[in-house]
Amino acid sequence: MKFLKIIGLVLLVAFVGIQFIPANRNQSDYISKSDFTEIYEVPENINTILQTSCYDCHSNYTNYPWYNKIQPFTWYLNDHIEEGKAELNFSEFGEYSSRRKSSKLRSISSQVEDGEMPLKSYTLMHWDAKLSDKEKEEFTAWMDSLAMEVR
């Protein structure tokens, strides 16, 4: 029993200690000229989907949830965001080559259509990010048409 108390105390001290380790935040008030919504005339319904279902992980403008200030959740979120931005960053979309833009647009459409995006782990905590069948259809159709224009 004493051993369990010692382990519990050590874990508590470690948990409290890691709260003081600072983490970088993926937030910017600046919308760059290469942002997806700046270079394309995005319909309002598509922009809403982008903002609620995509931009938190795939842009420089993350809207953090309340639990982002609790370690180790912060580390998990930041790692997830960095991976998402490495794959696709809407804030820097204008800097991509035409070929890469077209490829990314087709990939976005395919992943949304197949239910791979937004991630299930994301929609568990962000219910408004879940897409209805109608939203998926509108979103993928618009992305597909844009991919054809970009070629």
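Conventions used here
- Residues numbered from 1 in each chain as written.
- Predicted model: local features only at pLDDT ≥ 70, side-chain atom pairs only at ≥ 80, totals over all residues.
- Heavy atoms only, no water.
- Helix = DSSP H or I, 4+ residues; strand = E, 2+ residues; numbered from the N terminus.
- Rg over C-alpha atoms; globule rule 2.2 N^0.38 Å.
- Buried < 20%, exposed > 50% of the residue type's maximum accessible area, 1.4 Å probe, protein only.
- Patch = residues over 30% accessible without salt bridge, like charges linked within 9 Å, V, L, I, M, F, W, Y side chains within 5 Å.
- Areas by Shrake-Rupley, 256 points an atom, 1.4 Å probe, with all protein chains shown as cover.
- Salt bridge = Lys/Arg side-chain N within 4 Å of Asp/Glu carboxyl O.
- Lys, Arg positive; Asp, Glu negative; His and termini not counted.
- Charge placed at Lys NZ, Arg CZ, Asp CG, Glu CD.
- Phe/Tyr/Trp six-rings, centres within 6.5 Å; stacked < 30°, edge-to-face > 60°.
- Lys NZ or Arg CZ within 6 Å of the ring centre and 35° of its normal.
- Core = buried A, V, L, I, M, F, W, Y, C linked by side-chain atoms within 4.5 Å.
- Contact = heavy atoms within 4.5 Å.

For the protein chain, the name recorded in an unreviewed UniProt entry is Heme-binding domain-containing protein, with Autumnicola lenta as its organism.

Student: Sorry if this is basic, but what is going on with the overall build of the protein chain here?
Tutor: Helices and strands together make up the secondary structure of the protein chain, namely seven helices and zero strands. Shown N-terminal to C-terminal, the secondary structure of the protein chain runs as helices and strands in the order α-α-α-α-α-α-α. Taken over C-alpha atoms, the radius of gyration comes to 19 Å for the protein chain, far larger than the 15 Å a tight globule of 151 residues would show. Oriented by its inertia axes, the alpha-carbon framework of the protein chain measures out at about 70 × 30 × 25 Å. Every one of the 151 residues in the protein chain was classed for burial, and the buried ones make up 38%.

Student: Mind showing me how you'd approach the environment of Pro72 here?
Tutor: Tracing the chain through its elements places Pro72 in the loop between α3 (44-58) and α4 (73-87). Look at Pro72 and you get partly exposed, because its relative accessible area is 40%. In sequence terms Pro72 and Thr140 are 68 residues apart; their C-alpha atoms lie 35 Å from each other.

Student: Honestly, a nonpolar patch on the surface in this entry has me stumped. Any pointers?
Tutor: A cluster of nonpolar side chains, namely Leu9, Leu12, Val13, Phe15, Val16 and Phe20, defines an oily patch on the protein surface of about 640 Å² accessible area. Mapping Phe15 onto the fold places it in helix α1 (residues 2-18).

Student: Looking at this model, I keep getting lost on a negative patch on the surface. Mind explaining?
Tutor: Taken together, the side chains of Glu113, Asp114, Glu116 and Asp144 make up a negatively charged region of the molecular surface. Structurally, the position occupied by Glu113 is in helix α5 (residues 98-113).

Student: Explain the packing of aromatic side chains to me, please; I cannot follow it from the model alone.
Tutor: Any aromatic ring pair is given by two values, namely how distant the centres are and how the planes are angled relative to each other. A full pass over the atoms with the stated rule returns nine aromatic pairs. Within the aromatic cluster, the residues linked to one another by ring pairs are Phe36, Tyr40, Tyr55, Tyr61, Phe90, Phe93, Tyr96 and Trp142. Just above the ring of Tyr96 sits the side chain of Arg100; from NZ or CZ to the centre is 4.0 Å.

Student: What should I look at first to understand the nonpolar core in this one?
Tutor: One broad rule of soluble globular proteins: the nonpolar side chains tend to lie buried together. Phe36, Leu50, Leu105 and Phe139 are the most contacted members of the largest nonpolar core, which has 23 residues in total. At the level of secondary structure, the elements contributing two or more residues to this core comprise α3, α5 and α7 (133-150). Ranked by residue count, the leading element in this core is α7, at six residues. In contact with Leu50, not counting residues within four places along its chain, are Phe36, Thr37, Val42, Tyr55, Phe90, Phe139 and Met143.

Student: Would you explain the environment of Ser103 in this entry?
Tutor: For Ser103, the position within the fold is in helix α5. Take Ser103: its relative accessible area is 37%, and that puts it in the partly exposed class.

Student: Which parts of the structure should I look at to understand the side chain of Ser109?
Tutor: Along the chain, the position of Ser109 falls in helix α5. Judged by relative accessible area, Ser109 falls into the buried class, the value being 2%. In this view, Ser109 contacts Thr140, Met143 and Asp144; residues no more than four positions away in its chain are not counted.

Student: So what exactly am I meant to see when it comes to the pattern of salt bridges here?
Tutor: Opposite charge on two side chains lets them pair, provided their charged atoms get close. This model, assessed by the stated rule, comprises two salt bridges. Put simply, Glu138 and Lys134 hold a salt bridge, and the shortest N to O gap is 3.8 Å. Pair noted here: Glu138 and Lys134 are both in helix α7, with a separation of four residues, about one helical turn. The exposed category is assigned to Lys134, whose relative accessible area is 58%.

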